[in-house]
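Take a look at the letters that make up each chain.
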Amino acid sequence: MPELPEVETVRTGLEQAWVGQRIDRVILRRKDLRFPFPSGMADNLTGQTVVGVRRRAKYLLVDLSNGQVFLSHLGMSGRYTLITPDEVARLNPNRLGVRQSVYGELTGFDGRHDHMEFRFSDGSVSVYTDPRRFGIADLFERAEEPIHALLEHLGPEPFEDWNATIAAERMRGKRSAIKITLLDQRFVVGVGNIYACEALHRSGISPTTPSNTLVRKNGKPTKKLERLVEEVKAVLEAAIAVGGSTLNDFAAVDGTLGYFGHHFQVYDREDGPCLKEGCNGTIERIVQSNRSTFLCPRCQK
DNA sequence: CAGTCCTCCTGTCGGC
DNA sequence: TGCCGACAGGAGGACT
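Residues numbered from 1 in each chain as written. Chains lettered and ligands numbered in written order. Predicted model: local features only at pLDDT ≥ 70, side-chain atom pairs only at ≥ 80, totals over all residues. Heavy atoms only, no water.

## Quick look at the sheet that holds strand β1 (residues 23-28)
Ordered in space as β1-β6-β7-β5, the four strands form an open sheet in which the pairing is antiparallel. Bordering the open sheet on either side are β1 and β5 (79-83), each of which pairs with just one other strand. In this sheet, adjacent strand axes meet at a mean angle of 15 degrees when their direction is disregarded. (Pairing = 2+ DSSP bridges. Helix = DSSP H or I, 4+ residues; strand = E, 2+ residues; numbered from the N terminus. Axes fitted to C-alpha atoms, helices over the stretch in contact; angles between N-to-C directions.)

## Re the protein's contact with DNA strand B
Near DNA strand B, the surroundings consist of Phe109, Arg112, His113, Pro131, Arg132, Arg133, Phe134, Lys174, Arg175, Ser176 and Asn290. Among atoms of DNA strand B positioned within 4 Å of the protein, sugar and phosphate together represent 68%. Within the backbone of arginine 175, an N or O atom sits 2.9 Å from a phosphate oxygen of DNA strand B. Along the lines of polarity and charge, the residues of the surface near DNA strand B split into three nonpolar, three polar and five charged. (Near = heavy atom within 4 Å. Polar contact = N/O pair within 3.5 Å; in protein donor to acceptor, adjacent residues only side chain to side chain. Nonpolar A, V, L, I, M, F, W, Y, C, P; charged D, E, K, R; others polar.)

## Considerations on the nonpolar core
Formed by 28 residues in total, the largest nonpolar core has its most connected members in Leu182, Leu225, Leu228 and Val232. Beyond its immediate sequence surroundings of up to four residues, valine 232 is in contact with Trp162, Leu182, Val191 and Ala199. By size, the runner-up hydrophobic cluster in this structure holds 26 residues, among which are Ala42, Val50, Phe118 and Tyr128. (Core = buried A, V, L, I, M, F, W, Y, C linked by side-chain atoms within 4.5 Å. Buried < 20%, exposed > 50% of the residue type's maximum accessible area, 1.4 Å probe, protein only. Contact = heavy atoms within 4.5 Å.)

## Comments concerning helix α7 (residues 193-203)
The α-helix advances 3.6 residues per turn, and as a result positions three or four apart in sequence lie on the same side. Burial of α7 is extensive: ten of the eleven residues sit out of reach of the surface. Listing the buried residues of α7 in full gives Asn193, Ile194, Tyr195, Ala196, Cys197, Glu198, Ala199, Leu200, His201 and Ser203. Of the residues trailing α7, glycine 204 is marked for its positive phi of about 70 degrees.

See the structure below:
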């Protein structure tokens, strides 16, 4: 779920639900996710009002009234579920176990992976569920944000400071495959395995193309690279648009990918027909850096 | 430094 | 049905 479009979809939902709310209580059902929670995180969050929800790369940044920032990364399997006061009352939160929430029927897995629970002043509850625990939660002063270890080395946001010229500058002399470069968050942020495959397919570029061959000798982007940068933005935009349309019934902010799945042209379509107009190729799966890449060898050169 | 692997963790799915 | 291996949307860190 969590590439840029999914994180942006979650951001919008959290913004609508959280901004203006005071956090009355935070329950942490374990001491860590991928990294240990910072000491006192639950206490420091308690009593704060949410003043904004931002996104940087695939990180959610929640601004609090005391000048602190709550950072949340969804990893591979993290999701937030928003629970209304009515549902909260029906599920009787005071019966709760230490390692298991009472919200299992809403969050899945019998509540066994509901690691963080946020209770708000309007009576609603938000639950963070993450079976694989590759997610991250952190809390720090806003002044520290530019030097935060997880944020410091991030590359440009695709819609803000990124274009073919900048891409070419960062790819000069890079011999690794273009698919690997797209996944490198120092090159551009927000692109993950699905949208890297999709953007390369839309662009007609083979995922194994050495990155530097998309840059001219004078350092300018080739036509192919210009196309690729356009298609990265286009596919991310299209996915955000579809995610956004599901936001009206945002009661369950589950990051399930179902909504964009219908639009995949190559991802997870091994042995299926290439859907590009006029191409009769067959989708193949290869492995790059231990991760699956899907491509049409006929129209991606 | 760049590039390549491995790793964290749990759930799910397909093949036998 | 059960068991077992492969694989899953991320990305830091340890290697060569």
